[in-house]
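Here's the letter readout for the chains.
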Amino acid sequence: MLVLKMRSVRRLLLLLALALTDTATLPAQSDSLAPSRLTTRAWLLGVGRVNRLDTYLSPLEYTGPELHVVRETMRPTRWLAGRISTQRLVVAGVAYTHSPTDDGKAWSGQIDGAWGYHYNWRPAPGLRLMAGAQAAGGLGFQYHTRNGNNPAQARADVALSASLLAVYKFRLGRWPMTARVQADAPLLGAMFTPHYGQSYYELFSLGHYDRNVRFTHPGNAPSMRWLATLDVPLGRAVVRVGYLCDIRQSDVNHLKRHAWSHALLVGYVRHFTLIRPADRRRADMIY
Amino acid sequence: MKTLVSSLTALLTALVCLTSCITEDVPDNSPAGNFEALWRTLDEHYCFFREKGEEYGLDWSAVGAEYRDAVVPGMSSEQLFEVMAAMLAELRDGHVNLSAAHDVARYGAWFDDYPANYSDSLERIYLGRSEDYAEAAGLQYRVLDDNIGYLRCESFNTTPGDGNLNEIMRRLAVCDGLIVDIRHNGGGMLTAAQKLASLFVNERTLGGYMSHKTGPGHDDFSEPEPIWIEPFEALRWQKPVAVLTNRRTYSAANSFTMFVKGLPRVAVVGDRTGGGAGMPFTSELPNGWSVRFSACPMYDRDGQCTESGVDPDLEVDITAADYARGVDTIIETARAWLRQAAADGLD
């Protein structure tokens, strides 16, 4: 049963990826990623700042430092002669924030995962454009240290997102570099939220539910994640530096939330196949 | 190719445009701004405007207009605090507080205007010395000399465990009746109140109703939904119970009274409870002051709001003569009712 569901999800994502492409251009794409089947995996650590608002807890915006961990896996599939690639992206963060006057303090944390498929074009030498769809989900919390019966807010959401990438491979002197920018935006989804003045006691102790799962779309939850990275060879390793801009917002049940994160990232990239380690200098290794 | 790049650029631009900012309009950190923030927070979130309007004519817009005139540029923090505290007192709600570094504004007429009906000196006479009574999960208890069990619950800040309650019931099982003294119990967790009430029901019992705001309007409320009291799964009390209350029986203790009043074998003895039937939420002002207010209203099983308290079945005050003699009139009244109830076979 589970296998069938997974297949259905894959087919759906594939169809969405195709829907976002100009199918008339397909015959013009002569290159193929299938022969290499290289997997690119990256781990990144990030330091930045976040601005958070949750009117269930306070009308004030809380700001402070935030730490991030980003893990990404990307590889080509065999579909459409290798023009479809798959990506798994996990972005986690934890922050300690304070109110404008520093009287209120808050802890927050979240983990977001996205699993998607992209159609690949190579419009120019070294340039790869990718468009596709993701199944995304997130869990998180925000805890205010001095609130009474509304001390914390939970976050849980799922969404179908549009995803665009531009990857450009170039040389700086004798150094092969890869620059990349990715934009992901949820288009349709659902999120958990208490109602305007509803207590968690009613929800979890009494089982009183009141529109606690709401349909989301860009009109009531305009959100987007930008991820820009540069891969630089350093000895035998490939170092990745980047910038993350993660904008999560919602306005449902008369409750407004936002978490605007900006972070600088640094980490490493590994390229490999399931059979043998790949040569990181190979030309088709440009994710 | 050109079309493709143009399409992608347009799509990216559209996605960026979709990410419009969601923010909250908050007044500035000035005396007038903080006053407006406080008035608006209560206006949009406070849950008893209708009840208090019917009870004593509260008009929050008129209150705001009256006190807004007292806010002037350059006034000190203490002066602003006084104006805000006076405005909040118009709500006549013990759950409404404004907390600054130098003071906490609070409304206390709900107990200051009435007899205390409680004395820790008298409590010491009945409970005895530390070695005379047992204590588990914040509950103090002993057997009085007429074989009446006495259980003192001064707070619902701790939820007793199943083991605690089972042992208390086992040790008091020989008693002919039980006094549950929640005078001066200022509340705590509703789950603790439900747990203690679970000792006195043998089947799933309606304890009352609870609602919440669904929007910023004064009448934006959800349909009240039932609060069920599930029977305790181990030893439960099957004999008469007297619940002692006074005007400082408040918040979760007021809810406990609401849960048990009207149950078979239960009598509420003492004074009317202080109320506090709105679960309080917390917010804050641009200057950092914290504000607490009633947010989720509760109603008894007849649908009546208990914000202004729950009446006892046997109304009695501690007399001056009894204070002087070291006698707690309310406990003695409860003991007499329990003995009579036991004699009448009310078990």
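Coordinates for the structure precede this section.
Small disclaimer: the values here were computed from a predicted structure and weren't measured.

What counts, and at which threshold
Residues numbered from 1 in each chain as written. Chains lettered and ligands numbered in written order. Predicted model: local features only at pLDDT ≥ 70, side-chain atom pairs only at ≥ 80, totals over all residues. Heavy atoms only, no water. Helix = DSSP H or I, 4+ residues; strand = E, 2+ residues; numbered from the N terminus. Buried < 20%, exposed > 50% of the residue type's maximum accessible area, 1.4 Å probe, protein only. Contact = heavy atoms within 4.5 Å. Areas by Shrake-Rupley, 256 points an atom, 1.4 Å probe, with all protein chains shown as cover. Salt bridge = Lys/Arg side-chain N within 4 Å of Asp/Glu carboxyl O. Core = buried A, V, L, I, M, F, W, Y, C linked by side-chain atoms within 4.5 Å. Polar contact = N/O pair within 3.5 Å; in protein donor to acceptor, adjacent residues only side chain to side chain. Buried area = accessible area lost by both parts, 1.4 Å probe. Phe/Tyr/Trp six-rings, centres within 6.5 Å; stacked < 30°, edge-to-face > 60°. Lys NZ or Arg CZ within 6 Å of the ring centre and 35° of its normal.

S.K.: What is the right way to read the overall build of chain A from this model?
M.R.: Tallying secondary structure elements over chain A gives 2 helices and 11 strands in all. When the elements of chain A are put in sequence order from the N terminus, they spell out α-β-β-β-β-β-β-β-α-β-β-β-β. Sorting the 287 residues of chain A into buried and exposed places 53% on the buried side. Pairs at least 24 apart in sequence give 65% of the contacts found in chain A among residues at least 6 apart. In the form shown here, chain A has an accessible surface area of approximately 12,800 Å², with 64% of it arising from carbon and sulfur atoms.

S.K.: Where do I start with the pattern of salt bridges in this structure?
M.R.: Pairing is possible between side chains that carry opposite charge, provided their charged atoms lie close to one another. Per the stated rule, a full pass over the model turns up 31 salt bridges over all chains. The salt bridge partner of Arg 257 of chain A is Asp 54 of chain A, with a shortest N-O separation of 3.8 Å. Of the two residues, Arg 257 of chain A sits in strand E11 (residues 255–272) while Asp 54 of chain A sits in strand E1 (residues 39–54), which places them 203 residues apart along the sequence. Comparing Arg 257 of chain A with Asp 54 of chain A, the two get one shared label, buried. Among the salt bridges present, the one from Arg 339 of chain B reaches Asp 146 of chain B, with a minimum N-O distance of 2.6 Å.

S.K.: Is there a simple way to think about the nonpolar core in this case?
M.R.: Within soluble globular proteins, side chains that are nonpolar tend to cluster in buried spots. All names here are of chain B. Of all hydrophobic cores here, the largest spans 84 residues; its most connected members are Phe 156, Val 180, Leu 196, Phe 200 and Phe 256. Other than its neighbours up to four places away in sequence, Phe 156 contacts Ile 182, Asn 185, Gly 187, Gly 188, Met 189, Ala 192, Ala 193, Leu 196, Ala 252, Ala 253 and Phe 256. Counting 19 residues, the second-largest nonpolar core is a separate cluster that includes Tyr 126, Leu 127, Tyr 133 and Ile 179.

S.K.: Would you take a moment to explain the side chain of Arg 272 of chain B for this structure?
M.R.: All names here are of chain B. Residue position: Arg 272 is located in the loop between strand E10 (266–270) and strand E11 (278–284). A distance of 2.5 Å separates polar atoms of two side chains, one belonging to Arg 272 and the other to Asp 311. For Arg 272, the contacting residues outside a window of four places in its chain are Asn 246, Arg 247, Ser 308, Gly 309, Val 310, Asp 311 and Pro 312.

S.K.: Just to check I follow, could you spell out the interface of chain B and chain A for this structure?
M.R.: By convention, interface size is frequently given as the accessible area that disappears when the constituent parts associate. Taken together, the contact pairs 46 residues of chain B with 54 residues of chain A. Buried surface at the junction of chain B and chain A, summed over both partners, amounts to about 4,100 Å²; 65% is from carbon and sulfur atoms. Among the residues of chain B in contact with chain A, Ile 22, Phe 281 and Glu 284 of chain B are the three that bury the most area, contributing 18% of the side total. At the boundary of chain B with chain A, the tally comes to 2 salt bridges. Measuring nitrogen to oxygen at the nearest pair gives 2.6 Å for the salt bridge that ties Glu 284 of chain B to Arg 146 of chain A. The interface formed by chain B and chain A contains 19 residue pairs in polar contact (both at pLDDT 80 or more). For the side of chain B that touches chain A, the secondary-structure elements that each account for two or more residues are helix H1 (2–18), helix H2 (31–45), helix H9 (190–197), strand E8 (225–229), E11 and strand E12 (290–299) of chain B. Among the elements that line the side of chain B that touches chain A, the one with the most residues is H1 of chain B, at 8 residues.

S.K.: Would you take a moment to explain the packing of aromatic side chains for this structure?
M.R.: Note on aromatic pairs: each is described by the distance of the centres and the angle between the planes. Applying the stated criterion across every chain, the model contains 17 aromatic pairs over all chains. Here the aromatic rings of Tyr 119 of chain A and Trp 121 of chain A are separated by 5.0 Å at their centres, their planes lie at 65 degrees, and the arrangement is edge-to-face. Given a relative accessible area of 2%, Trp 121 of chain A falls into the buried group. Ring geometry for Trp 39 of chain B versus Trp 60 of chain B: centroids 6.4 Å apart, planes at 5 degrees, classification stacked. Residue Trp 39 of chain B is found in helix H2, and its partner Trp 60 of chain B is found in helix H4 (residues 60–68); the two are separated by 21 residues along the sequence. You'll find Trp 39 of chain B and Trp 60 of chain B in the same group, each marked buried. Three or more aromatic residues joined by ring pairs make a cluster, and in this case those are Tyr 56, Phe 192, Tyr 200 and Phe 204 of chain A together with Phe 281 of chain B. The ring of Trp 39 of chain B has Arg 68 of chain B sitting right over it, with the charged end atom 5.4 Å from the ring centre.

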